[in-house]
Amino acid sequence: MLNYFNYFTEIEERFQQRRGSLLMLSTLDWALIEMWREAGLPLEVVLRGIDDAFDKHDAQKLRAKGKARKINGLAWAAQAVMQAAEAAAEAATGSRAGVEKEEQESGFEAERIRGYLEANAAVAARLRELAAEVNEQNLEDLDRTLTVLEEKMFAGLMASAPEDELVALREQAARELAPYRGKMGAVQIKQVQQQFLQKRLLEARGLPRLSLFYMPHG
């Protein structure tokens, strides 16, 4: 679980180091890192992509005599990260000429409210069961179970959220993603939007993430 924690913090530290100044990552940035983690991108690949993006930016800045634009978000490096991931995959499997690469994918009615509450009650009951069995659980198996419960919770949130709230959140995500659309593929954009939406719905309702990765490490 500590490795998961390091995945986020090391990416944040590398981005800040290469940028040359402190910049707190946004909700969009954290959603992007989570997407990379869930896609199974190794930490070293993500860091290499960030370095590649900044190496190119630094070269352009030098040619432009320091007039290159300031980098204000991690999504700016998303394309370079995916290119680093593709290069790593090719190195691992060997180059095969002529073989195409696969594209990386990446209301308030009473009945709806009742279903939402019942679903979350079931999650809470299952969490109590897992807490009682924690000494007997393999951590990887436990985290997989928690991830499934989290997905059920997300489904309940999406089903019960008012349409105007979802529309507003999607519009916010679109605005924040707008500067980076040219550097991200359609699948990436869709995945980041979904992560952003889930994070904001949880925050608005004061609900926690369930994966052990989000457990405080202090």
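In this text, all values refer to a predicted model and were calculated from it rather than measured experimentally.

Draft legend 1. Region of the structure containing the overall build of the protein chain. For the protein chain, the count of helices and strands is eight helices and zero strands. Start at the N end of the protein chain and walk to the C end: the helices and strands fall as α-α-α-α-α-α-α-α. The buried share of the protein chain, reckoned over its 218 residues, is 38%. With the model as given, the accessible surface of the protein chain reaches about 13,100 Å², and the carbon-plus-sulfur share is 53%.

Draft legend 2. Highlighting the packing of aromatic side chains. Counting across every chain of the model gives four aromatic pairs. Seen from their ring centres, Phe 8 and Trp 30 are 5.5 Å apart, and the 10° between their planes marks the pair as stacked. A residue pair is termed long-range when its members are at least 10 positions apart, and Phe 8 in helix H1 (residues 2-19) and Trp 30 in helix H2 (residues 27-38) qualify at 22 residues. Overall, the relative accessible area of 24% leaves Trp 30 in the partly exposed class.

Draft legend 3. The arrangement of the nonpolar core in detail. Ranked by size, the top nonpolar core spans 35 residues in total, and within it Tyr 7, Ile 11, Leu 32, Trp 36, Leu 74 and Met 184 carry the most contacts. Looking at this core, the elements with two or more residues in it are H1, H2, helix H3 (43-63), helix H4 (78-93) and helix H8 (186-205). Leu 142, Leu 197, Leu 202 and Leu 212 belong to the second largest nonpolar core, which has 15 residues in total.

Draft legend 4. Looking closely at the confidence of the model for the protein chain. Here the protein chain averages 77 in pLDDT, and 78% of its residues register 70 or above. By mean pLDDT, helix H5 (residues 110-132) is the weakest element of the protein chain at 66, and H3 is the strongest at 89. Low pLDDT, under 50, characterises residues 95-108; the stretch is placed with 20 contacts to residues that sit more than four places away or in other chains.

Draft legend 5. Just H8, in detail. For H8, built from 20 residues, the straight-helix expectation of 28 Å at 1.5 Å per residue is met to within 8% by its first-to-last C-alpha distance of 29 Å. In this structure, the buried side of H8 is in contact with H2, H4, helix H6 (139-160) and helix H7 (163-177).

Draft legend 6. Structural view of the side chain of Asp 51. The residue Asp 51 is located in helix H3 in this model. Within the structure, the side chain of Asp 51 is placed 3.1 Å from the side chain of Arg 18, a separation counted as a polar contact. Apart from residues no more than four positions distant in its own chain, Asp 51 is found in contact with Arg 14 and Arg 18.

Draft legend 7. A look at the packing of H6 against H8. Here H6 crosses H8 at 80°, and the two axes come no closer than 11 Å. Comparing their axes, H8 and H6 come out roughly perpendicular. Side by side, H6 and H8 meet where Met 153, Phe 154, Leu 157 and Met 158 of the first sit next to Leu 197, Gln 198, Leu 201, Leu 202 and Arg 205 of the second.

Draft legend 8. Quick look at the pattern of salt bridges. Under the criterion given, the structure shown has eight salt bridges. The salt bridge partner of Asp 55 is Arg 18, with a shortest N-O separation of 2.8 Å. Taken together, the residues span a long stretch of sequence, with Asp 55 in helix H3 and Arg 18 in helix H1 at a distance of 37 residues. Between Arg 18 and Asp 58 there is a salt bridge whose closest N-O contact spans 3.2 Å. In this pair, Arg 18 is assigned in helix H1 and Asp 58 in helix H3, connecting sequence segments 40 residues apart. Relative accessible area serves as the criterion here: at 22%, Arg 18 is assigned to the partly exposed category.

Draft legend 9. The arrangement of the environment of Met 24 in detail. Mapped onto the secondary structure, Met 24 falls in the loop between H1 and H2. Between the C-alpha atoms of Met 24 and Gly 73, which are 49 residues apart in sequence, the distance is 9.1 Å.

Draft legend 10. View of H3. End to end, H3 covers 31 Å across 21 residues, agreeing with the expected 30 Å (1.5 Å per residue, within 8%). Residues of H3 that are buried: Leu 43, Val 45, Val 46, Leu 47, Gly 49, Ile 50, Asp 51, Ala 53, Phe 54 and His 57. Two residues or fewer after H3 comes Lys 65, characterised by a positive phi angle close to 55°.

What counts, and at which threshold
- Residues numbered from 1 in each chain as written.
- Predicted model: local features only at pLDDT ≥ 70, side-chain atom pairs only at ≥ 80, totals over all residues.
- Heavy atoms only, no water.
- Helix = DSSP H or I, 4+ residues; strand = E, 2+ residues; numbered from the N terminus.
- Buried < 20%, exposed > 50% of the residue type's maximum accessible area, 1.4 Å probe, protein only.
- Areas by Shrake-Rupley, 256 points an atom, 1.4 Å probe, with all protein chains shown as cover.
- Phe/Tyr/Trp six-rings, centres within 6.5 Å; stacked < 30°, edge-to-face > 60°.
- Core = buried A, V, L, I, M, F, W, Y, C linked by side-chain atoms within 4.5 Å.
- pLDDT = per-residue confidence, 0-100.
- Contact = heavy atoms within 4.5 Å.
- Expected span 1.5 Å × (residues − 1).
- Polar contact = N/O pair within 3.5 Å; in protein donor to acceptor, adjacent residues only side chain to side chain.
- Axes fitted to C-alpha atoms, helices over the stretch in contact; angles between N-to-C directions.
- Parallel < 35°, antiparallel > 145°, perpendicular 65-115°, else oblique.
- Salt bridge = Lys/Arg side-chain N within 4 Å of Asp/Glu carboxyl O.

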